[in-house]
Amino acid sequence: MAGRQVRLQHDVRIVSVVAGHTPEELRYSGITIHCIDGGAVVEQTWIPLGTDPTYADDEALLTAWHAALSWSRSPTDTPST
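All values reported here derive from a predicted model rather than from experimental measurement. (Residues numbered from 1 in each chain as written. Predicted model: local features only at pLDDT ≥ 70, side-chain atom pairs only at ≥ 80, totals over all residues. Heavy atoms only, no water.)

**Q** Would you mind showing me how to read the pairing of strand β2 (residues 22–37) here?
**A** Successive side chains on a regular strand alternate, one facing one side of the sheet and the next facing the other. In the sheet, strand β1 (residues 4–19) pairs with β2 via 16 bridges, with the strands oriented antiparallel. Counterpart to Gln 9 in the pairing with β2 is Thr 32. Where β1 hands over to β2, the hairpin turn is made up of 2 residues, of which Gly 20 adopts a positive phi near 70°. Alignment of β2 against strand β3 (residues 40–48), held across 8 bridges, turns out to be antiparallel. Looking at β3, one finds that Asp 37 is bridged to Ala 40. Between β2 and the antiparallel strand that follows it, β3, lie 2 residues; Gly 38 among them carries a positive phi value of about 60°. (Pairing = 2+ DSSP bridges. Helix = DSSP H or I, 4+ residues; strand = E, 2+ residues; numbered from the N terminus.)

Dropping the structure here:
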């Protein structure tokens, strides 16, 4: 399918840090929003989610998702009735 698409994907990011003299890996759960045009990813936004997501987490995800969905609409699209 060609054209613009938006996909959401649960994702875990891993960050390596040194604590004292010991390297550690920190894992962060989140959702990646992929903006795809003609089959190629043209933009990605990662929204971190805590173990206990807050209202602010929900709002950040909805705001990013709304922006991606707005991007995906073609200027020639007509609203559904």
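So, next bit.
**Q** Would you mind going over the sheet that holds β2 with me for this structure?
**A** Strand pairing within a sheet occurs via backbone hydrogen bonds; the two strands may be parallel or antiparallel. One open sheet holds the 3 strands; their spatial order is β1-β2-β3, and the pairing between them is antiparallel. A single partner strand is all that each edge strand has here, and the edge strands are β1 and β3. The average undirected angle you get between the axes of adjacent strands in this sheet is 30°. (Axes fitted to C-alpha atoms, helices over the stretch in contact; angles between N-to-C directions.)

**Q** What is the right way to look at the pattern of salt bridges in this model?
**A** Side chains that carry opposite charge are capable of pairing whenever their charged atoms lie near each other. Inspection of every chain in the model, using the stated rule, returns 2 salt bridges. With its nearest N and O atoms 3.8 Å apart, the salt bridge here joins Arg 4 to Asp 37. On the criterion of sequence distance, the pair formed by Arg 4 in strand β1 and Asp 37 in strand β2 is long-range, its members being 33 residues apart. Its relative accessible area of 34% is what places Asp 37 among the partly exposed residues. Salt-bridge contacts for Asp 11 lead to Arg 13; the nearest nitrogen and oxygen are separated by 4.0 Å. (Salt bridge = Lys/Arg side-chain N within 4 Å of Asp/Glu carboxyl O. Buried < 20%, exposed > 50% of the residue type's maximum accessible area, 1.4 Å probe, protein only.)

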